Amino acid sequence: MSVPKHPLFNDRLSKPGPLGFLSPKKIRERGLLWTVGSSIVLVAALLLAIAEYWGDEAEPFDVIAEAMKSAHVETANELPLGYAYATSLIKIADTLLHKPGGFLANDVFPPGVLEDNMPTWEYGALTALRDGTSALRNHIARAQSQSKEDPDLAKAEPMFYFDHHSWQLPSSESEYSKGIEAMEHYRERLKFKDAQLNARQEGGGKQQDEAQFYSRADNLRQYLEILEKRLGSYSNRLSASAGDTQKHNEVAGDVDPDAEQQYVASKTSWWYIDDIFFEARGYCWATIHILQAVKYDFRAILGNKTALVSLESIIRELQDGQAPFLSPMILNGGGFGLFANYSLTLANYIARANAATIDLRILLQQG
């Protein structure tokens, strides 16, 4: 005897699923060409959605909170000198590798290869990471110019300078991971520096594994000089979105003061405006965290020279340049036209941060 099926059950079976157009019945009804076309559209929409999600800029993080978490301490006063600075570099590199989508600059397959803005943002953040690591290796971690360099920093810096477009063996991610490991080892040696100092005072002898971090004004000036040039370059490149008038004889390399000076206008191509914009945003994002670490680790120097206000001004201007933008594409209107010019807006914040950087460097130099 047959059992009658419930009508609701029959209705449920008759309803097509989300991929019902791929069923054999639909393929026979619509034809193979229609099915292939629909599949391509579905895959393309899915890849674009993933690419859009991966294209979101990384969120800022609290440098001191991350340092306290890594050091397993309850108050910031317990952090060893230099621990916050090293943590900022490690966290920046870790964010580049483990944000949604991972490191996209070297992707050659979709959906990562569909990204246009995020790879340039990554390169800007990577540039700031390289600047901070170079300053630490060559200046901050050395007592003087003839001092022996730290072995972990000597290993970490070249790793971060590895080609960011490399996807074959070795890949960019594997080299940057090695740089993170070396920086973490340096940071751990900073953590035990005080214990090693006490051991030497008690007659234990010199420990060869100790790490150094010299928070002196001259060391900070070395980093500020690098930052000053970077910010000036980004400000100039962003301003070129509206056209930049230059002396023709200077562009050509003519230094004759009696030569007739001709002026030519150079303007960034519309195709590259968004690349410069996001590269500058990435550099500023990473630099904010490095300067927040500088604010803590160099607090004695900044307080004695009343330079803390200038440093906070730099951080504030760079943070204002990280404000979200409403347009789905980077607008660069001309003059006082209908559309805004995003590049000039960011250039204004960076130029003001650059001016504050110059003031801070001069203040530290004058003592």
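Computed from a predicted model, the values in this text were never measured in an experiment. (Residues numbered from 1 in each chain as written. Predicted model: local features only at pLDDT ≥ 70, side-chain atom pairs only at ≥ 80, totals over all residues. Heavy atoms only, no water.)

The next subject is the overall build of the protein chain. When its secondary structure is counted, the protein chain shows 15 helices and two strands. Taken across its 367 residues, the protein chain has 43% of its residues classed as buried. The long-range share in the protein chain, meaning contacts at least 24 apart out of those at least 6 apart in sequence, stands at 71%. For the protein chain, the accessible surface area stands at approximately 20400 Å², while carbon and sulfur atoms represent 56% of it. (Helix = DSSP H or I, 4+ residues; strand = E, 2+ residues; numbered from the N terminus. Buried < 20%, exposed > 50% of the residue type's maximum accessible area, 1.4 Å probe, protein only. Contact = heavy atoms within 4.5 Å. Areas by Shrake-Rupley, 256 points an atom, 1.4 Å probe, with all protein chains shown as cover.)

Once that is clear, we can look at helix α6 (residues 117-140). The periodicity of an α-helix, 3.6 residues per turn, causes residues three or four places apart in sequence to face the same way. Between the first and last C-alpha of α6 there are 33 Å, a value that for 24 residues agrees with the 34 Å anticipated at 1.5 Å per step. Of all 24 residues that make up α6, 20 are buried, and the element is covered over most of its length. (Expected span 1.5 Å × (residues − 1).)

This part covers the pattern of salt bridges. For the structure on display, the rule yields 13 salt bridges. Across the pair R281 and E57 runs a salt bridge, and its minimum N-O distance is 2.9 Å. Within this pair, whereas R281 is found in helix α12 (residues 273-297), its partner E57 is found in the loop between α3 (32-54) and α4 (63-71), the two being separated by 224 residues in sequence. You can call R281 buried: its relative accessible area is 4%. R230 is the salt-bridge partner of D131, the closest N and O atoms lying 2.8 Å from each other. Pair noted here: D131 is in helix α6 and R230 is in helix α10 (residues 217-239), with a separation of 99 residues, a long-range link. Using a relative accessible area of 4% as the deciding quantity, one classes D131 as buried. One salt-bridge network, held together by shared partners, links R137, E149 and E157. (Salt bridge = Lys/Arg side-chain N within 4 Å of Asp/Glu carboxyl O.)

Now for the packing of α6 against α12. Packing of α6 against α12 brings their axes to within 7 Å, and their N-to-C directions diverge by 40°. With respect to their mutual orientation, α6 and α12 come out oblique. You can see that α6 and α12 cross each other, and the crossing is right-handed. Of the residues in α12, those touching α6 at N117, T120, W121, Y123, G124, A125, T127, A128, D131 and G132 are D274, D275, F278, E279, R281, G282, Y283, W285, A286, T287 and I290. When grouped by side-chain class, the residues that make up the contact of α6 with α12 number nine nonpolar, seven polar and five charged. (Axes fitted to C-alpha atoms, helices over the stretch in contact; angles between N-to-C directions. Parallel < 35°, antiparallel > 145°, perpendicular 65-115°, else oblique. Left-handed = near helix turned anticlockwise from the far one by under 90°. Nonpolar A, V, L, I, M, F, W, Y, C, P; charged D, E, K, R; others polar.)

Enumeration over the complete set of coordinates arrives at eleven aromatic pairs. Their ring planes at 85° and their centres at 5.3 Å tell us that F277 and F278 sit as a pair that is edge-to-face. For the pair formed by F277 and F278, the shared burial category is buried. An angle of 75° between the planes, with centres 5.8 Å apart, marks the rings of F278 and F325 as edge-to-face. Taken as a pair, F278 in helix α12 and F325 in the loop between α14 (308-320) and α15 (342-366) lie far apart in primary sequence, 47 residues in all. On the basis of relative accessibility, which here comes to 6%, the residue F278 falls in the buried class. Put simply, the rings of F277, F278, F325 and Y342 pair up and form one aromatic cluster. (Phe/Tyr/Trp six-rings, centres within 6.5 Å; stacked < 30°, edge-to-face > 60°.)

Right, let's get into α15. In a regular helix each residue adds 1.5 Å, so 25 residues correspond to 36 Å; α15 covers 37 Å between its end C-alpha atoms and thus fits that length. Regarding α15, the residues found buried are Y342, S343, L346, A347, I350, A353, N354, A356, T357, L360, R361 and L364. Those residues of α15 that are buried lie in contact with α10, α12, α13 (299-304) and α14. Where α15 starts, the residue carrying a side-chain oxygen 3.2 Å from the main-chain nitrogen of S343 turns out to be N341. (Polar contact = N/O pair within 3.5 Å; in protein donor to acceptor, adjacent residues only side chain to side chain.)

A surface patch of nonpolar side chains, amounting to about 260 Å² of accessible area, comprises L48, V113 and L114. Tracing the backbone through its elements, the reader meets L48 in helix α3. For L48, a relative accessible area of 54% corresponds to the exposed category. (Patch = residues over 30% accessible without salt bridge, like charges linked within 9 Å, V, L, I, M, F, W, Y side chains within 5 Å.)

The next thing to look at is the side chain of S235. Position of S235 among the secondary structure elements: in helix α10. With a relative accessible area of 12%, S235 lands in the buried category.

Now for the confidence of the model for the protein chain. Across the protein chain, the average pLDDT comes to 83, with 78% of residues at or above 70. When mean pLDDT is compared element by element in the protein chain, helix α5 (residues 83-98) scores highest at 97, while helix α11 (residues 248-251) scores lowest at 47. Per-residue pLDDT stays below 50 along residues 248-252; that stretch engages in eight contacts with residues further than four places along the chain or on separate chains. (pLDDT = per-residue confidence, 0-100.)

Here T95 is to be found in helix α5. According to the relative accessible area criterion, T95 is buried, its value standing at 13%. Setting aside its immediate chain neighbours within four residues, T95 contacts A58 and W285.

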